[in-house]
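Here are the chains, one letter per residue:
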Amino acid sequence: MSILGTRVVRTEDPLFLTKGATYTDDLVDDRLAGALHATFVRSQIAHGRVLSVDTEDAMQAPGVVAVITSADLADLEPLKPAFSSVPKEMLRPWLAGDTVRFVGDPVAIVLTEQRYQGEDAAELVAVDIEAYPAVVRLEDAASGRTLLFPDAGTNVAATFGDPRPEDLFEGCEVVVTQALLNQRVAPVPLETRAAAAAWGQDGRVTIWCSTQAAQQVRDQIARWLKLERDLVHIITPDVGGGFGAKIGADPEFALVAWLAKHMQRPVRWAESRSENLLGMVHGRGQEQTVTIGGRRDGTVEAYGLEINQDSGAYPRNGAMLPELTILMAPGVYGIEKVHASARSLVTNTTSIGAYRGAGRPEATAAIERAMDLFAAEIGMDPAELRRRNLLPAFAEPHETPTGATYDSGDYTVALDKVLEAAGYDDLRREQAVRREGGDVYQLGIGLSVYVEITGGDNGDGNRERAQLEVHDDGRATILTGVSPHGQGHATAFAMLASNQLGIALDKIAVLHGDTDRIPKGGGTMGSRSLQQGGAAVHKAAGELIELARTRAAQILEANPDDLVLDLALPGLSVSGTPGTGISFAELAAQERLLVDTIFDAGAPTFPFGAHVAVVEVDIESGKAQLLRMVSVDDAGTILNPLLAEGQRHGGIAQGAAQVLLEEVLYDDDGNPLTSTLADYPFISATELPSFELVDMATPTTLNPLGAKGIGESGTIGSTPAVQNAVIDAVAHLGVRHIDMPATPMRVWRAINEAAKGSAPKGTES
Amino acid sequence: MQVSITVNGQSRTDDVEPRLLLAHYLREVCQLRATNIGCDTTSCGACTVMVDGLTVKSCTVLACQAEGFRVTTMEGLSSEDGELHPVPAAFRAEHGLQCGFCTPGMVMAAIGMLADNPDPTDREVREGLEGNLCRCTGYHNIVRAVRTAAAAGPAASSVPSDAQVTA
Amino acid sequence: MIPAPFDYVRAGSVEEALAALRDHGDEAKLLAGGHSLLPLMKLRLAVPTHLIDVGHLRDLSYVRVEGDVIAIGATTRHHELETSTVAASDAPLLAHVAGRVGYPQVRHRGTIGGTLAHGDPASDPPTALLALDAVIVVQATTGRREIVATEFFLGFFETALAAEEMIVEVRVPRTGSVGWGYEKFTRRDNDWPIVAAAAVDGRVALANMGGTVLRASAVEEALAAGASAEEAAQQAAEGTAPSSDMHADGDYRRHLARLLTRRALESVAR
């Protein structure tokens, strides 16, 4: 019986549940003996000119070995934007010497013998800043009245798409427009950022850091510090969550390495949570305008999406996410005319980066809100409207008006399944009863049907490598270019190899994230790991069997075609003749049994699904409670349902959190208002129900596993369903739209405004 | 100043500065690094340990306040033979951990919760774990793990090193 | 994330604690459960140079009937109050509210004395104690005095406690089986209240409707004059000065005060 497709508990867990995992700040390593502790001094002003940085008092503080300011880093070139389309004048200093551009912008670094001393000394660094007007709202950024980078002459970091055709909605009987906010959120992995660096006698630097892609970090740091790539060795310890925010090196990682060289001693850095909420990239941050047009019979004919993307002060990958939003704009619908355009704007805030879904949740939230608005306008049930416009099932590639090529999909079945599992008709009946009765607690039912892109081109195509070796003791080692941070890849990949080679799960080690052992790899992001990294392991196992066959044939003096895979050995035996085989271990004893391979999917895959959220809103207070979350998430063939469900659960929770609670807020001066976990309302167990997952698997042909990505689907599908549900709960009171997060106050206001007959801000019809 | 604390059944006396947090004492003085620190506002619960049978957030206790306390961390649950305590065993069985960072605190919080309420409903589990944040699991499987552990009876809320201590 | 350096002394008795307070004056703070003070110190919003640990004074931890009051020692933890059978039968509002403070870990450490001394207008136990007309017994080297709850909370994180005084006991009139209600409005179950209303025996107290927990006197007067719960609750925002923050602006808080008061009074009636 194959273990593929079965609920295998994780091989990682015994260690995690006894001694605990080893995260970067846990590391005990001889190379880090005597390490200095680095503490960053960060700007408390959002935008201004640095007049002076006085380090004298700090230098006198106990345990202080050095205080570094921008003057010390003069031989490092400022960081250029990572993307060529961003104005090259939007340079990021290593430490602000002239201008600070967000609260949290690093200004100095204190190095101390002990950790606690760092905070004491950092307080003593006196930073004098002359404040400039802060640019926080996107409309302010767009106006260009205050420029973050005067040399760039603009606050526009990037633009995407052409102007909308004038006739996009020509002939539409009904046209609805709505301004939407896809608000800035904080990723908040439980492990904050951390790095440690030590230089060896051989002139190489070893950097341990909490990252999703060690190879990227190596390349970036080598480039930034002007080092040969092979002088930089990145090691990834256990990582306590990433969610996209740990993609790519943060400048702090490079600084830790530079400091270690400068001080001739190892250096360690581990940020506090407050520092993390300022210094780690934030997610989302799009202001959108959706326009949807069509016929009264429910045919959607045209869709327009305009986006203003907040980049934060220094444009990073977040500034480019609108590309993905535009690509996925029409979602699952066969809309004839689709147009989307965007621009990214810099503001005096923390940079925006990738956050679970990275550009695609924004697309789905927009189209799904638009569908509900259209349904309300024509008086049609939102499920029915969707059904009428879904692309019909397809198993051959389908190209959309925005240039995406979906691989396979059956959206109607996904919708049917979720409606059935949710008991949709019963819910509508219950809703009607409560409305009739004027209940205080009203029911809201929200829908989303989504498709998303996973395993996209990461600059190196859609491929991943794997190295597989069977040792002479019968154990096996897999080296993978992906980089788990909770997903359970070690278990998943071991399952694959075990299934093909017959080696027991606990005899298979899966290594990642060490650039000396794995110089090339794409890391874990964009839900690529199983469909590319796992497929590579699968391919490697197949190749190893063939390599073993060739060698076995020679040793056994048999015809290779007469040798069969013998999983019991495990190894190869002569067909029909038991006891005549040779095990992989025995082969390895004679000659190293190792293969190195690359799997190239050639294209991304498009998982899809449908979610139904049921909320209860207390219409006296406006508080919404999520009662049920029913989801269909089709990611093709599932290798390990236990792991897949875990990904769906986590994704759903983060998606629901964006609707119900979470938002990063700044005041008009650019001061963050949610800079600790006491203020940032991170979703806890009491706000969530247990989830109802429905299975559906439409395999892809792009890899032999039939697998699409699952990691981000939950987030993409759940946000629109929950948002639509909250609005649906009070729609009978005249409410048309409520922005996220749908706080009790917002909902209460919306009810009151509707009662007065005035519509909420941002609506035009 | 000197503090004498029993950690995972072992008595020890150490010289600490008054402001040393119990969490750092455990991690850096006792070298027990399973307990993690995930925030600086007593919000996340990753640092939860057991003190004299009650769960506390070790980031909000000074080591010197813990003088005379019996402290148990997740490491203290392990037995010699490597068999998992019922609560971590249930976490494994139900996939109640992914990145593992919140897990040591979550496990200790679950044990404490079961000591107070040995047969909780799902809702009661969620309320009992309000002080512990997780980003990876969405809490779904953590709730399942605690319910599964509860089925193991009193063993689920037992803390081995507490039993070892005399007077 | 780490407090500034300080000196630490563990008090072996109330007398020792008071002597230390007197010696160090404004620079010293008492440490009981530490879950109000230490978070402030870790963010360096409080920088006392001396901490006097009274958390080990178990003699100050008790919940007992004394005539027509329940006497609660200052170092009684919220968890102990939450699970106390005495409190459950004789001051059920207080027992309930003790169980609404945050989550288990904080209830295992936080004390009634510490929470009172902290003077947070958005704190649950002070709200209940105000509605219960509790009396706070404080002591200095010079002797004891009693302060009624209505005179204890002076301003934003400011109480009637002098620098050299410590709370030793809280005396709560027994309410027995009389109806009570507590409505706490939060975004997440374990948060501090955005607004809360405690109602018992014709008295109503509100959390987070001003610089201190306060009594909704207009509501109480209306009730005394025979108004229904719904009518009386309309007065809940009278005399309040709620702040605006990201969770709620003044208007919304006033609305919540009225709503929660009505619901708390409805519980009383049930």
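Coordinates for the structure precede this section.
Residues numbered from 1 in each chain as written. Chains lettered and ligands numbered in written order. Predicted model: local features only at pLDDT ≥ 70, side-chain atom pairs only at ≥ 80, totals over all residues. Heavy atoms only, no water.

*Asks:* Looking at this structure, I do not really get the overall build of chain B. What am I missing?
*Replies:* When helices and strands are counted, chain B shows 6 helices and 5 strands. Counting from the amino terminus, chain B carries its helices and strands in the arrangement β-β-α-β-β-β-α-α-α-α-α. In terms of C-alpha radius of gyration, chain B reaches 15 Å, essentially the compact-globule figure of 15 Å for 167 residues. If one aligns the C-alpha atoms of chain B with their principal axes, the spans along those axes are about 45 × 35 × 25 Å. Burial statistics for chain B: of 167 residues in total, 66% are counted as buried. In chain B, of all internal contacts separated by at least 6 residues, the share reaching a separation of at least 24 is 62%. With the model as given, the accessible surface of chain B reaches about 5,100 Å², and the carbon-plus-sulfur share is 46%. Looking at charge distribution, chain B has the averaged site of its 12 positive side-chain charges lying 7 Å from that of its 19 negative ones. (Helix = DSSP H or I, 4+ residues; strand = E, 2+ residues; numbered from the N terminus. Rg over C-alpha atoms; globule rule 2.2 N^0.38 Å. Buried < 20%, exposed > 50% of the residue type's maximum accessible area, 1.4 Å probe, protein only. Contact = heavy atoms within 4.5 Å. Areas by Shrake-Rupley, 256 points an atom, 1.4 Å probe, with all protein chains shown as cover. Lys, Arg positive; Asp, Glu negative; His and termini not counted. Charge placed at Lys NZ, Arg CZ, Asp CG, Glu CD.)

*Asks:* What is the right way to look at the interface of chain B and chain A in this model?
*Replies:* By a widespread convention, an interface's size corresponds to the accessible area lost as its parts come together. Contact with chain B, which involves 48 residues of that partner, is made by 56 residues of chain A. Here chain B meets chain A over a buried area of about 4,400 Å², counting both sides, of which 56% is carbon and sulfur. Joining chain B to chain A, the criterion identifies 5 salt bridges. The salt bridge partner of Asp25 of chain A is Arg27 of chain B, with a shortest N-O separation of 3.9 Å. Joining chain B to chain A, the criterion identifies 28 residue pairs in polar contact (both at pLDDT 80 or more). (Buried area = accessible area lost by both parts, 1.4 Å probe. Salt bridge = Lys/Arg side-chain N within 4 Å of Asp/Glu carboxyl O. Polar contact = N/O pair within 3.5 Å; in protein donor to acceptor, adjacent residues only side chain to side chain.)

*Asks:* So what exactly am I meant to see when it comes to the interface of chain C and chain A here?
*Replies:* In this assembly, 23 residues from chain C lie in contact with 30 residues from chain A. Roughly 2,300 Å² is buried in total at the junction of chain C and chain A, and carbon and sulfur atoms are behind 54% of that figure. Across the contact surface, chain C and chain A share 8 salt bridges. The partner of Arg749 of chain A in a salt bridge is Asp251 of chain C, and the shortest N-O contact between them spans 4.0 Å. At the surface where chain C touches chain A, the tally comes to 16 residue pairs in polar contact (both at pLDDT 80 or more). It is helix α11 (residues 250-269) of chain C that provides the largest number of residues to the side of chain C that touches chain A, a total of 7 residues. Of the residues assigned to the side of chain C that touches chain A, the class counts are 11 nonpolar, 3 polar and 9 charged. (Nonpolar A, V, L, I, M, F, W, Y, C, P; charged D, E, K, R; others polar.)

*Asks:* Where do I start with the pairing of strand β14 (residues 300-312) of chain A in this structure?
*Replies:* Residues in a regular strand point their side chains to alternate faces of the sheet. Residues and elements named next belong to chain A. Among the 13 residues of β14, 11 are classified as buried, and the element is accordingly described as predominantly covered. In this sheet, β14 lies alongside strand β13 (residues 286-294) in antiparallel orientation, the contact comprising 9 bridges. Bridging from a neighbouring strand, Gly293 pairs with Ala302 of β14. The hairpin turn running from β13 into β14, its antiparallel successor, is 5 residues long, and Gly298 in that turn takes a positive phi close to 100 degrees. The pairing of β14 with strand β15 (residues 337-346) spans 10 bridges and is parallel. Residue pairing for β15: Gly312 is matched across the bridge by Val346. In this fold, the crossover linking β14 to β15 by way of helix α8 (residues 322-327) has right-handed handedness. (Pairing = 2+ DSSP bridges. Right-handed = clockwise from strand over helix to strand, strands pointing away.)

*Asks:* How do you make sense of the packing of helix α10 (residues 382-389) of chain A against helix α11 (residues 411-422) of chain A when you look at a structure like this?
*Replies:* Each packed pair of helices is defined by two parameters, the angle between the axes and the distance between the axes. Residues and elements named next belong to chain A. Interhelical geometry of α10 versus α11 gives an angle of 160 degrees and a closest axis separation of 10 Å. Relative to α11, the element α10 is oriented roughly antiparallel. As for the relative orientation of α10 and α11, their crossing is left-handed in sense. From α10, Ala383, Arg386 and Arg387 reach across to α11, where they touch Thr412, Leu415, Asp416 and Leu419. (Axes fitted to C-alpha atoms, helices over the stretch in contact; angles between N-to-C directions. Parallel < 35°, antiparallel > 145°, perpendicular 65-115°, else oblique. Left-handed = near helix turned anticlockwise from the far one by under 90°.)

*Asks:* I'm lost on the nonpolar core in this one. Help?
*Replies:* In a soluble, globular protein the nonpolar side chains are often hidden away together inside. Core analysis: the biggest nonpolar cluster contains 89 residues, and Leu626, Leu677 and Val722 of chain A together with Val87, Phe91, Val107 and Tyr139 of chain B have the highest contact counts within it. The element best represented in this core is helix α3 (residues 103-116) of chain B, accounting for 8 residues. With residues near it in sequence (within four places) discarded, Tyr139 of chain B still touches Phe682, Ile683, Ser684, Ala685 and Leu688 of chain A together with Met106, Arg126, Asn132, Leu133 and Cys134 of chain B. Ranked by size, the runner-up nonpolar core spans 76 residues in total, among them Leu391, Tyr424, Val449 and Val630 of chain A. (Core = buried A, V, L, I, M, F, W, Y, C linked by side-chain atoms within 4.5 Å.)

*Asks:* Quick question: what am I supposed to make of helix α1 (residues 22-29) of chain B here?
*Replies:* Most of α1 of chain B is tucked away: 6 of the 8 residues are buried. Burial in α1 of chain B covers these residues: Leu22, Ala23, His24, Tyr25, Leu26 and Arg27 of chain B. In the core, the buried residues of α1 of chain B are packed alongside α3 (115-124) of chain A together with β1 (2-7), β2 (10-15), β3 (48-51) and β5 (70-72) of chain B.

*Asks:* Teacher, can you tell me more about the pattern of salt bridges here?
*Replies:* Close approach of charged atoms allows side chains with opposite charge to pair. Under the defined criterion, the tally for this structure stands at 83 salt bridges over all chains. When salt bridges that share partners are traced, they join Arg42, Arg193, Asp250, Glu252, Glu271, Glu275 and Arg316 of chain A into one network.

*Asks:* What exactly am I supposed to notice about unusual backbone geometry here?
*Replies:* Most peptide bonds adopt trans geometry, and most residues besides glycine take a negative phi value. Looking along the chain, the bond that leaves Leu569 of chain A and enters Pro570 of chain A is cis, with omega of -10 degrees. Note that Pro570 of chain A resides in the loop between β22 (563-566) and β23 (571-574). The omega torsion of the bond from Met740 of chain A to Pro741 of chain A falls at -10 degrees, within 30 degrees of zero and hence cis. Counting through the fold element by element, Pro741 of chain A comes out in the loop between α17 (713-729) and α18 (744-756). Positive phi outside glycine occurs at Gln31 of chain B, with the angle close to 60 degrees. When you line up the elements, Gln31 of chain B lands in the loop between α1 and β3. For Gln31 of chain B, a relative accessible area of 46% corresponds to the partly exposed category. The phi dihedral of Asn208 of chain C falls on the positive side, at around 65 degrees, and the residue is not glycine. The residue Asn208 of chain C is located in the loop between β13 (203-207) and β14 (214-215) in this model.

*Asks:* Quick question: what am I supposed to make of the sheet that holds strand β4 (residues 99-100) of chain A here?
*Replies:* Pairing between the strands of a sheet comes from backbone hydrogen bonds, and it takes one of two forms, parallel or antiparallel. As summarised here, the arrangement of the 3 strands in space is β4-β2-β6 (chain A), forming an open sheet in which the pairing is antiparallel. Among the strands making up the open sheet, the edge pair consists of β4 and β6 (126-131) of chain A.

*Asks:* It is not clear to me how the environment of Lys507 of chain A should be interpreted in this structure. Could you clarify?
*Replies:* All names here are of chain A. Turning to its location among the elements, Lys507 is positioned in the loop between α13 (489-501) and β21 (508-511). The spatial distance from the C-alpha of Lys507 to the C-alpha of Ala494 is 8.6 Å, given a sequence separation of 13 residues. If sequence neighbours within four positions are ignored, Lys507 has contacts with Gly474, Arg475 and Ala476.

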